[in-house]
Amino acid sequence: MKMFRNQLGNLSRVSSQLQRISRVELMSTEVQPAESANSVINEFRTAVTSPGEHSALQLAKFYKIPAEEKKQIFAGGGLPKQYEQQIKTFTEACLMVRQPALELLNYIKNADLSKPAVRYVIYGDNGVGKTLTMAHVLHYGSLNDFLLVHVPWAPNWTKRPKESTNSSTQEGFIDLPFDAAAWLVHFKTQNAKLLQKLQLKTSKEYVWSKRESTPAGATLVELIEHGIARIKYATETTAALISELKLLSTGGQCKVLVAIDGFNAFFHPITRIFSDNKQLVTPDRITLTQPFLDITKYDWTNGICVLSVDKIAMTEGYMDSYMPRYLLGKTGFEHLDPFVPVHVTNYTDKEFLSCINYYMDRHWITKTQPGFEEQLKFMSNHNPYTLMQIVRGL
């Protein structure tokens, strides 16, 4: 009997030890995620990849754009060149969720699309992230069935056109046929899935020459492909496409998101394009600018216009301020008035730290000496582009 009681005592002690061990293991498994590398990464990353679900909870965190979506939206431009290089180096496309983008997305999600198109103007100093704010909005639009009318960088048409010719339909005007064809390819790539789904039709016949025409009731894809195949008519095709999109959108057959980076280039006093008499032409004499000025008016519905103004879109002597009134000039300001301004600023301390942590996670910055981050803050003045330039050589 005594032996039996001893055995029971031993069993109870073993049982209590096993319970203590299991409790310790359970506590260790509960603590482990907080100490793992993933938790450190989660301080500056978010698993929420849909822009429509971003809120203040994701502020200053990076989210990843899937490779297929990035290729579809930005294959024809829309991201700064050095940021594209950084994406290739880091083997992933990540955007930081910032307050200006959240502000814009909140406006768009709560907009009454039955009213005339609202114009939002992104503005700020050089290198603060205006283009990436627009990229965030473009990603949202693509995932929420908006047809994207996106001009990645308007000054390319006024400063560095691929080729310029005299317009055959408007005397005294300049055509940019190759730029127009490239934009049509960009539009088709961005909206391929949605165009296939909606099967939008043209409202009238378009006659290009005695032998060529696009009949009424043809799909927009047919119209676009004609402009790509016949570069001579690419500019006229672009104008026809924009006109059809305004009609279709107002008719409730689609939603349109217009996004033009460097919009103030359309109102610059001069371009770098010469006419036949060796005079620099003004932007309003370029036929390709007309359709995009037309779609940024408020005479249509079921659409949103997100535009940016930038000092770099101007030329020397016109870069004294980044404020919209200065960059747009009287004509441009009156063209957009009324509009909603969205100010993009330098990084906050939280955004700066998040960016540094991201660079360290990608091994772009290795272990550093104490005070290194403060030096970067001082040297970059919290400017995103300047910070990217500084760490590029480390």
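Residues numbered from 1 in each chain as written. Predicted model: local features only at pLDDT ≥ 70, side-chain atom pairs only at ≥ 80, totals over all residues. Heavy atoms only, no water.

Notes on unusual backbone geometry
The omega angle of the peptide bond from Asp337 to Pro338 is 0°, so this bond is cis rather than trans. Tracing the chain through its elements places Pro338 in the loop between helix H12 (324-336) and strand E11 (340-343). The backbone of Thr91 shows a phi angle near 55°, a positive value even though the residue is not glycine. Relative to the helices and strands, Thr91 is located in the loop between helix H4 (81-90) and strand E2 (93-96). By relative accessible area, which is 65% here, Thr91 ends up exposed. One non-glycine residue with positive phi stands out, namely Lys278, at about 65°. Its location among the elements puts Lys278 in the loop between strand E9 (255-260) and helix H11 (289-295). (Helix = DSSP H or I, 4+ residues; strand = E, 2+ residues; numbered from the N terminus. Buried < 20%, exposed > 50% of the residue type's maximum accessible area, 1.4 Å probe, protein only.)

Considerations on the packing of aromatic side chains
Each aromatic ring pair is described using two quantities: the centre-to-centre distance and the angle formed by the ring planes. The tally for this structure, following the rule as stated, stands at 17 aromatic pairs. Considering the side-chain rings of Trp183 and Phe292, the 5.1 Å spacing of their centres and the 80° angle between planes classify their relative orientation as edge-to-face. Remark: Phe292 occurs in helix H11 and Trp183 occurs in helix H8 (residues 177-198); sequence separation between them is 109 residues. Phe292 shares its class with Trp183; the two are buried. With a centroid separation of 6.3 Å and an interplanar angle of 35°, the aromatic rings of Trp208 and Tyr233 are classed as tilted. Within this pair, whereas Trp208 is found in the loop between strand E7 (206-207) and strand E8 (213-214), its partner Tyr233 is found in the loop between helix H9 (220-229) and helix H10 (234-250), the two being separated by 25 residues in sequence. (Phe/Tyr/Trp six-rings, centres within 6.5 Å; stacked < 30°, edge-to-face > 60°.)

With respect to the pairing of E9
The buried count for E9 comes to five of six residues, which makes it a mostly enclosed element. Pairing between strand E4 (residues 146-151) and E9: six bridges, direction parallel. In the sheet register, Leu147 faces E9, and the bridge partner there is Val256. Summarising the sheet, E9 and strand E10 (residues 303-308) pair through five bridges and their orientation is parallel. The residue bridging Ile260 from the neighbouring strand is Leu307, located in E10. Taken together, E9, H11 and E10 constitute a β-α-β crossover, and its handedness is right-handed. (Pairing = 2+ DSSP bridges. Right-handed = clockwise from strand over helix to strand, strands pointing away.)

Describing the pattern of salt bridges
Tallied over the entire structure, the rule returns 19 salt bridges. Asp125 is the partner of Lys311 in a salt bridge, and the nearest nitrogen-oxygen pair spans 3.3 Å. Here the residue Lys311 occupies a position in the loop between E10 and H12, and Asp125 occupies one in the loop between strand E3 (118-123) and helix H6 (130-143), the gap between them amounting to 186 residues. The buried category is assigned to Lys311, whose relative accessible area is 13%. Since its relative accessible area comes to 32%, Asp125 is described here as partly exposed. One continuous salt-bridge network, built from bridges that share partners, spans Arg45, Glu92, Asp361 and Arg362. (Salt bridge = Lys/Arg side-chain N within 4 Å of Asp/Glu carboxyl O.)

Description of the confidence of the model for the chain
Put simply, the chain has an average pLDDT of 88, and 89% of its residues get 70 or more. Confidence drops under pLDDT 50 across residues 1-41; counting only partners more than four residues distant or on other chains, this segment forms three contacts. (pLDDT = per-residue confidence, 0-100. Contact = heavy atoms within 4.5 Å.)

Points about the environment of Glu69
For Glu69, the position within the fold is in helix H3 (residues 67-74). With 74 residues separating them along the chain, Glu69 and Leu143 place their C-alpha atoms 8.9 Å apart. Ignoring anything within four residues of it in the chain, the contact list for Glu69 reads His139 and Leu143. A polar contact of 2.7 Å, which involves the side chain of Glu69, links it to the side chain of His139. (Polar contact = N/O pair within 3.5 Å; in protein donor to acceptor, adjacent residues only side chain to side chain.)

Here's the deal with the nonpolar core
Counting residues in each nonpolar core, the largest one holds 56 residues, and the members touching the most others are Val149, Trp183, Leu241, Ile260, Phe263, Phe266 and Phe292. Examining the composition of this core, we find that seven residues originate from one element, H8, more than from any other. In contact with Leu241, not counting residues within four places along its chain, are Trp183, Leu184, Phe187, Leu220, Leu223 and Ile224. Among the nonpolar cores identified, the runner-up in size contains 47 residues, and Ala135, Val344, Phe352 and Tyr358 belong to it. (Core = buried A, V, L, I, M, F, W, Y, C linked by side-chain atoms within 4.5 Å.)

Topic: the packing of helix H13 (residues 349-361) against helix H15 (residues 384-392)
Contact geometry for H13 and H15: axes closest at 12 Å, N-to-C directions at 30°. By the angle between their directions, the pair H13 and H15 is classed as roughly parallel. In terms of crossing hand, the pair formed by H13 and H15 is right-handed. Here H13 contributes Phe352, Cys355, Ile356 and Tyr359 to the contact with H15, which in turn contributes Leu387, Met388 and Val391. By residue class, the composition of the contact of H13 with H15 is seven nonpolar, no polar and no charged. (Axes fitted to C-alpha atoms, helices over the stretch in contact; angles between N-to-C directions. Parallel < 35°, antiparallel > 145°, perpendicular 65-115°, else oblique. Left-handed = near helix turned anticlockwise from the far one by under 90°. Nonpolar A, V, L, I, M, F, W, Y, C, P; charged D, E, K, R; others polar.)

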